[in-house]
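For reference, the chains in residue letters:
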Amino acid sequence: MWEKLGVLACFVIWSAMHVCCMGSFVVESNSLELTSPDNLRDTYECAIGNFGVPASGGGSLVGAVIFPPANQKACKSFDHIISFKSESAAGLPVFLLADRGDCYLSLKAWNAQNAGAAAILVADDIVEPLILMASPEEESSDADYLQNITIPSALISKYLGDSIKEALSEGGVVTINLSWKEAMTHPDERVEYEFWMNSNYECGKCESQIKFVKKFKKVAQKLERKGYTKFTPHYMTWYCPAAFVLSTQCKSQCINHGRYCAPDPDQDFYKGYEGKDVIVQNLLQACVYKVANESGRSWLWWDYVAEFAFRCPMKDKKYTKECADQVMHSLGMDVKQIDKCIGDPTADMDNPILKAEQAAQTGNGSRGSITSVPTLVINNKQYRGTLDKGAVLGTICSYFNESRKQSACLAQGYL
């Protein structure tokens, strides 16, 4: 009995780790330029948080630093304490300096943003190489503010933090040019981006992914048709440990003999839709893209996903292959080719589409591993900022060189 409960607990925990959320971030090495006072003028290493880049894109921001007299770790709201909107030194936007510790970096950024700061610098509390911050710090899954952070954040060394505080205490003005251009690839003729998602749009925060698809669809299709962008959808999957392949949990959540799994939608292995239903629909959507892309109509994926979400919701018990077939037929898709791509989910063999998806989840150079959905990757960099049409489009357009930006974004009225 206890052994069975242990297996169940293991799968519930494992599934929970893969539930749709934007609950983690990585920190990437970068640099900032301190332009005053003269004795501190230099370029210093920092680490840019993987959230909160202004929707306008750009890549840099100049500001003056303020170290607050209270709430110096920025773990509490600055309401009734100070407003940084009226505190800008030297006529520049405020960069709030906060001490590390007691709460997550993203919460510090959120409190700074609400108080009017244009950016936040978090001073490390120990002497250590900033590269050690490359591992994700887990954020609470109920942190709704995470997707709404729009200011950049940077972790700086203890030495630099102490130096800035000393300069400020002596009445000096500390100005900084913060750049995240190093975290962006150089602009070129075509922007390549990928969207990691899940076909289950009812898993708590998963509605955010389908809202984005619906709002971004027309822009994405137009950019794709004109050759300005190359889009690829991806779907997260995990595998069942060999020792548990025959367990109820594996059979409920996995296909192809435990090779490809998705969390049970309601965490109940004995009723409702199962994880294997989700993974089959993920596979189907991946095949819709593959077949459409091979026919030179990759943009049809956007139509299919939006229409499937509307016509085949779980809540109406229409989350089925039959409903999916109806959507494909209505869009003039080659259902036989898509079925051939799907293969046999019950077979004890690899599925080439899902095997490739699993491999793609692993960190690739500067992109890092994909650990949650929805996740947007633009030019091999995980996107920072809100999953909002305007913010995402602004970031995509910022990757183009000036002439390409003019034709792809400005002339179309996108910016």
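Overview of the structure.

About the cut-offs
Residues numbered from 1 in each chain as written. Predicted model: local features only at pLDDT ≥ 70, side-chain atom pairs only at ≥ 80, totals over all residues. Heavy atoms only, no water. Helix = DSSP H or I, 4+ residues; strand = E, 2+ residues; numbered from the N terminus. Buried < 20%, exposed > 50% of the residue type's maximum accessible area, 1.4 Å probe, protein only. Contact = heavy atoms within 4.5 Å. Disulfide = S-S within 2.5 Å.

Our focus in this paragraph is the overall build of the protein chain. Helix and strand counts for the protein chain stand at 12 helices and 15 strands. Relative to its 415 residues, the protein chain shows a buried fraction of 53%. Partitioning the contacts of the protein chain with sequence separation of at least 6, the portion at a separation of at least 24 is 72%.

Under the definition given, this model contains six disulfides. Between the sulfur atoms of Cys240 and its disulfide mate Cys250 the distance is 1.5 Å. Across the disulfide from Cys240 to Cys250, rotation about the S-S bond amounts to roughly 80°, and the bridge is consequently right-handed. With a gap of 10 residues between them, Cys240 in the loop between β11 (229-235) and α5 (248-253) and Cys250 in helix α5 connect regions that are remote in the sequence. Judged on exposure class, the residue Cys240 and its partner Cys250 are both buried. The side chain of Cys254 participates in a disulfide bridge whose partner is Cys261; the two sulfur atoms lie 2.0 Å from each other. On the sign convention where negative means left-handed, the S-S torsion of about 100° between Cys254 and Cys261 marks this disulfide as right-handed. For the pair shown, Cys254 and Cys261 are each scored as buried.

A cis amide bond, omega 5°, links Ser36 with the succeeding residue Pro37. For Pro37, the position within the fold is in the loop between β2 (27-36) and β3 (42-49). Between Val373 and Pro374 the backbone carries a cis peptide bond, its omega angle lying at 0°. Note that Pro374 resides in the loop between α10 (352-361) and β14 (375-378).

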